[in-house]
Amino acid sequence: MKIRVIGCSGGELPGHNAPGFLLDDEIIFDAGSITSALSLKAQLRIKHIFITHAHLDHIRSIPFLADNIVFGKKERKIKIYSISPVVTAIRKHLFKSSLWPDFTLIPGPDDAILNLIKIRAGEPVMINGYTIIPYRVSHPVPAVGYLVEDAKGRIFFYTGDTGPTPSTWKKIGNRNVQCIIIDVSFPNSMREMAVNTGHLTPELLKEELSKMRHLPERICITHPKPQFFKTIKSELARLRMKNMQVLKDGDIIRV
Ligand SMILES: [Zn+2]
Ligand SMILES: [Zn+2]
């Protein structure tokens, strides 16, 4: 599996893109920076968007992507998947409000550009030979991470935004996850803030990993707040885990 890191930042500043992980060309996990970081050609290849939760940094490209598509020559449709409360929040606040044209009804209700699809935690969706399963994670709003398995049985798990979440690890505990892409947003000194806002620190990451039955071969860190990036990076280095990397926008992860 080839995953291109479109964005992996927990805040927005020039050079720090909001979350987006592109699997091959057609499937993307989170829509924080599709339209600011991908060429128009690459944007038009996307067919499936899996959203972890409705926070703005994970969905904000959706309206702009629809706007880019509507002027394309070919008829294109995009499927947007998430659990029910996330789909409802996107529909209500992003489209059925006065913020943007309702692309779930444009050009018409039967051939709309954007199709919002409700999926259920723990139930697999099959696309392009991949099995994609949402699992609930711990965040102040309803949120899931996605476990993705290819036809050869290679697996990665993208947590989206998550605080400490024992139930998730229990559920995926038996799976042999080769790669985890996991939220570390705050430095150790902000542990309380991290727990209250549903994120991890380097110390909390260590505690979470100890709950997994099989430690992944590769641990990729996403979502650091740009203003604490240096501190978080040095605290992660002190964990002395050889298989850990702090992601950068543009990285390619091969699983
Ligand atoms: Zn969030
Ligand atoms: Zn976020």
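A short tour of the structure in this document, coming up. Since the model is a prediction, treat every value here as computed from it, not as a measurement.

Conventions adopted
- Every residue gets a number counted from 1 within its own chain, in the order that chain's sequence is written.
- Labels follow written order: the first chain is A, the first ligand is 1, and so on.
- Confidence filtering applies because this is a predicted model: local features only for residues at pLDDT of at least 70, side-chain atom pairs given and counted only at 80 or more, and all residues used for totals across whole chains, interfaces and linings.
- For the side-chain quantities, the full set of heavy atoms in the structure was used; hydrogens and water were omitted.
- The donor set covers N, O and S atoms within 2.8 Å of the metal, switching to 3.2 Å for Na, K and Ca, and it leaves out water, so a site may look short of donors.
- The way it works is that DSSP assigns letters per residue, a run of H or I at least four long becomes a helix, a run of E at least two long becomes a strand, and they are numbered from the N terminus.
- Under the classification used here, a metal with four donors is tetrahedral if each angle lies between 85 and 135 degrees, square planar if opposite donors are over 155 degrees apart and the others between 65 and 115, a six-donor metal meeting that same test is octahedral, and anything else is irregular.
- In the sections that follow, a salt bridge refers to a side-chain nitrogen of Lys or Arg positioned within 4 Å of a carboxyl oxygen of Asp or Glu.
- Exposed residues in this analysis have more than 50% of their type's maximum accessible area, buried residues have under 20%, and partly exposed residues fall in between, with area computed by a 1.4 Å probe over protein chains only.
- Strand pairing is assigned whenever DSSP identifies at least 2 bridges connecting the two strands.
- Only the stretch in contact is used when fitting a helix axis, every axis being a line fitted to C-alpha atoms; angles between N-to-C directions are given from 0 to 180 degrees.
- Contact definition: two residues touch when any of their heavy atoms are within 4.5 Å.
- Remark: nonpolar core denotes a set of buried residues (Ala, Val, Leu, Ile, Met, Phe, Trp, Tyr, Cys) joined through side-chain atoms within 4.5 Å.

Quick word on the coordination of the zinc ion (ligand 1)
Six octahedrally arranged donors around a metal ideally form angles of 90 or 180 degrees; four tetrahedrally arranged donors ideally form angles of 109.5 degrees. With distances of 2.2 to 2.4 Å, the protein atoms coordinating the zinc ion (ligand 1) are His53 (NE2), His55 (ND1), His139 (NE2) and Asp161 (OD). Donor residues binding the zinc ion (ligand 1) come from one chain and are separated in sequence as H-x1-H-x83-H-x21-D. The two metals, the zinc ion (ligand 1) and the zinc ion (ligand 2), are separated by 3.6 Å and share aspartate 161 as a common coordinating residue. Taken together, the residues histidine 55 in the loop between strand 4 (48-50) and helix 3 (56-59) and histidine 139 in the loop between strand 8 (130-136) and strand 9 (144-149) connect sequence positions 84 residues apart.

Examining the coordination of the zinc ion (ligand 2)
Distances from the zinc ion (ligand 2) to its protein donors, Asp57 (OD), His58 (NE2), Asp161 (OD) and His223 (NE2), fall at 2.1 to 2.2 Å. Every donor counted, the four donor atoms about the zinc ion (ligand 2) form angles of 90 to 167° at the centre, which fits irregular coordination. Site description for the zinc ion (ligand 2): donor spacing in sequence, D-H-x102-D-x61-H.

Description of the pattern of salt bridges
Considering all chains together, one arrives at ten salt bridges under this definition. The partner of arginine 191 in a salt bridge is glutamate 207, and the shortest N-O contact between them spans 3.2 Å. Of this pair, arginine 191 sits in helix 7 (residues 191-197) while glutamate 207 sits in helix 8 (residues 202-210), and the two are 16 residues apart along the sequence. Residue classification places glutamate 207 among the partly exposed positions, given a relative accessible area of 35%. Close ionic contact of aspartate 251 with lysine 248 constitutes a salt bridge, the shortest N to O distance being 3.3 Å.

Observations regarding the sheet that holds strand 9
Pairing is mixed across the open sheet formed by seven strands, whose spatial order is 7-8-9-10-11-12-13. Among the strands making up the open sheet, the edge pair consists of strand 7 (125-127) and strand 13 (244-246). The mean angle between the axes of side-by-side strands here comes to 20°, regardless of whether they run parallel or antiparallel. By the bridge criterion, four bridges tie strand 9 to strand 10 (residues 155-158) in an arrangement that is antiparallel. The residue of strand 10 that forms the bridge with tyrosine 146 is tyrosine 158.

With respect to the pairing of strand 8
Most of strand 8 is tucked away: five of the seven residues are buried. Note: strand 7 against strand 8, three bridges, orientation antiparallel. Note that in strand 8 the partner of valine 125 across the bridge is isoleucine 132. The antiparallel pairing of strand 7 with strand 8 creates a hairpin that spans two residues between the two strands, and asparagine 128 there sits at a positive phi of about 50°. Across six bridges, strand 8 lies against strand 9 in antiparallel orientation.

Brief notes about the sheet that holds strand 1 (residues 2-7)
Taken in spatial order, the seven strands line up as 6-5-4-3-2-1-14 in an open sheet, and their pairing is mixed. Two strands bound the open sheet, and with one partner strand each, they are strand 6 (114-119) and strand 14 (252-254). Here the strands of the sheet are splayed against their neighbours by 25° on average, with no regard to which way each runs. Bridge analysis of strand 1 against strand 14 gives three bridges, and the strand direction is antiparallel. Looking at strand 14, one finds that arginine 4 is bridged to isoleucine 252. Against the sheet, helix 4 (residues 61-70) contacts strand 4, strand 5 (78-83) and strand 6, and its axis sits at roughly 165° relative to strand 5.

A few points about the nonpolar core
Among the nonpolar cores identified, the biggest contains 54 residues, and Phe29, Ile49, Phe50 and Phe156 are the most heavily contacted of them. At five residues, the largest contribution of residues to this core is made by helix 5 (residues 84-95). Contacts of phenylalanine 156, omitting those with residues within four sequence positions, involve Met1, Ile3, Leu23, Phe29, Tyr146, Leu147, Val148, Val177, Cys179, Ile181 and Val255. Formed by 26 residues, the second largest nonpolar core is a distinct cluster that contains Phe186, Leu205, Ile221 and Ile232.

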